[in-house]
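Examination of the molecular architecture
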Amino acid sequence: MKTLNLFLFATLALLITTNFNLVQAQENTGSNQALMEGAGAFLVTTGTKNKDAIGSPYLYKDFALAKFSSYADEIYNVRYNAYADEIEVKIAEGKIQNFNKSLNNVVVTFVNDNVKYTSLNYIDSNDGLFRGYFVTLTESNQNVKLFAKKGIRLAIAQPAVSSYDKDKPAEFKPTDDVHFITINGAYARELSTKKKEIAKLFPKHSKAILDYIKKNKIKTSREAHLINLINFINTI
């Protein structure tokens, strides 16, 4: 009889524990469930941090509220790792995953400042083909679109060259924004700061573009001026 009571008690305890863990698991996934089930939307984060480096690989170290266009009704804790070029999503305390940048037409909008990121195939200055995140600067329904590539580089550690010097640790440093352009959905390419080179991209309208640049005193080193120029090009 005593053995039977012990068996019943153990069985009841197991059922209670199982039910509790199931409820807890459901609560922990919460609003992340749709994103987790979204056709392989997440990839497990790989280690890209250099613990000995000073500075940060993130544009903003803290997570911020953001929306994914595929799941517009949900809000997530997100940050952009500009060094690794990854969008990180905080799934739960101590659990961070990268959003799959290979997914097309997904826009990540940070709620506080309305900055929008999207992933694109792009060709760098050495004609290497990559995929990465860009800040969208013009309307998504235009044939010609302008983007900004944010970046952070890792300066390597430098040992002291004399007894008077000190070792310099590796350091994450922000880089200047680089502007890219897409034309009719083609791969993104770096946009030249030379006015004539920009006009050459549109041979049928090169004269009109150069006239607009001259008349409006466009400085291609200024982002706001580039946005105005691309908006004009979309009208001709």
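The structure displayed is predicted, hence computed values, not measured ones.

Some details on the nonpolar core
Core analysis: the biggest nonpolar cluster contains 39 residues, and Phe68, Val78 and Ile233 have the highest contact counts within it. With five residues, the single largest contributor to this core is helix α5 (residues 223-233). Beyond its immediate sequence surroundings of up to four residues, valine 78 is in contact with Asp62, Phe63, Ala64, Ala66, Phe68, Ile87, Glu88, Val89, Val108 and Phe110. Counting six residues, the second largest nonpolar core, distinct from the first, contains Tyr122, Phe147, Phe180 and Ala188.

What about a nonpolar patch on the surface?
Taken together, the side chains of Leu65, Ile75 and Val111 define a hydrophobic patch exposed on the protein surface, amounting to about 230 Å² of accessible area. Mapped onto the elements of the fold, leucine 65 is located in strand β2 (residues 64-68).

Notes on the pattern of salt bridges
Enumeration according to the criterion identifies seven salt bridges in this entry. Across the salt bridge formed by glutamate 88 and arginine 79, the nearest N and O atoms sit 2.9 Å from each other. Considered together, glutamate 88 and arginine 79 belong to a single accessibility category, that of buried residues. Of the charged contacts in the structure, one is a salt bridge between lysine 150 and aspartate 177, with a shortest N-O distance of 2.8 Å. Separated by 27 residues along the polypeptide, lysine 150 in the loop between β9 (144-149) and β10 (152-155) and aspartate 177 in the loop between β11 (171-174) and β12 (178-183) bring together distant segments of the chain. Classification of aspartate 177 as partly exposed rests on a relative accessible area of 32%.

With respect to the pairing of β2
Bridge analysis of β2 against strand β3 (residues 71-81) gives four bridges, and the strand direction is antiparallel. Bridge pairing in β3 links alanine 66 to tyrosine 76. Once β2 ends, the chain turns through two residues before running back antiparallel as β3. Inspection of the sheet shows β2 paired to strand β6 (residues 107-110) by three bridges, in the antiparallel sense. By the bridge assignment, phenylalanine 68 is partnered in β6 with valine 108.

Describing unusual backbone geometry
The residue asparagine 105 is not glycine, and still its phi comes out positive at about 60°. Inspection of the secondary structure assignment puts asparagine 105 in the loop between β5 (95-99) and β6.

Describing a positive patch on the surface
Taken together, Lys195, Lys217, Lys219 and Arg222 make up a surface patch of like positive charges. Of note, lysine 217 is situated in the loop between α4 (206-215) and α5.

So, α5
Those residues of α5 not exposed but buried are His225, Leu226, Leu229, Ile230, Phe232 and Ile233. Seen end-on, α5 carries its buried residues on one side only, within an arc spanning 155°. Of the surrounding elements, those touching the buried residues of α5 are β9, β12, α3 (195-200) and α4.

So, the side chain of lysine 101
Residue position: lysine 101 is located in the loop between β5 and β6. Each residue touching lysine 101, except ones within four places of it in the same chain, is listed here: Ala84, Asp85, Glu86, Ser119, Arg131, Gly132 and Tyr133.

A closer look at the packing of α4 against α5
Two elements in contact, α4 and α5, have axes separated by 11 Å at closest approach and are oriented at 145°. The way α4 lies across α5 gives a crossing that is right-handed. Residues Ala208, Ile209, Tyr212 and Ile213 of α4 form the contact with α5, whose own contacting residues are Asn228, Leu229, Phe232 and Ile233. Its residues assigned to classes, the contact of α4 with α5 comprises seven nonpolar, one polar and no charged.

Considering the confidence of the model for the protein
When pLDDT is low, close inspection of the predicted coordinates is not appropriate. On average, residues of the protein score 82 in pLDDT, and 78% of them are at 70 or above. Taken element by element, the predicted model of the protein shows its lowest mean pLDDT in helix α1 (residues 2-29) (36) and its highest in β9 (98). A low-confidence stretch, residues 1-30 (pLDDT under 50), is modelled with one contact involving residues beyond four sequence positions or located in other chains.

What counts as what
- Residues numbered from 1 in each chain as written.
- Predicted model: local features only at pLDDT ≥ 70, side-chain atom pairs only at ≥ 80, totals over all residues.
- Heavy atoms only, no water.
- Core = buried A, V, L, I, M, F, W, Y, C linked by side-chain atoms within 4.5 Å.
- Buried < 20%, exposed > 50% of the residue type's maximum accessible area, 1.4 Å probe, protein only.
- Helix = DSSP H or I, 4+ residues; strand = E, 2+ residues; numbered from the N terminus.
- Contact = heavy atoms within 4.5 Å.
- Patch = residues over 30% accessible without salt bridge, like charges linked within 9 Å, V, L, I, M, F, W, Y side chains within 5 Å.
- Areas by Shrake-Rupley, 256 points an atom, 1.4 Å probe, with all protein chains shown as cover.
- Salt bridge = Lys/Arg side-chain N within 4 Å of Asp/Glu carboxyl O.
- Pairing = 2+ DSSP bridges.
- Lys, Arg positive; Asp, Glu negative; His and termini not counted.
- Charge placed at Lys NZ, Arg CZ, Asp CG, Glu CD.
- Arc of directions from axis to C-beta.
- Axes fitted to C-alpha atoms, helices over the stretch in contact; angles between N-to-C directions.
- Left-handed = near helix turned anticlockwise from the far one by under 90°.
- Nonpolar A, V, L, I, M, F, W, Y, C, P; charged D, E, K, R; others polar.
- pLDDT = per-residue confidence, 0-100.

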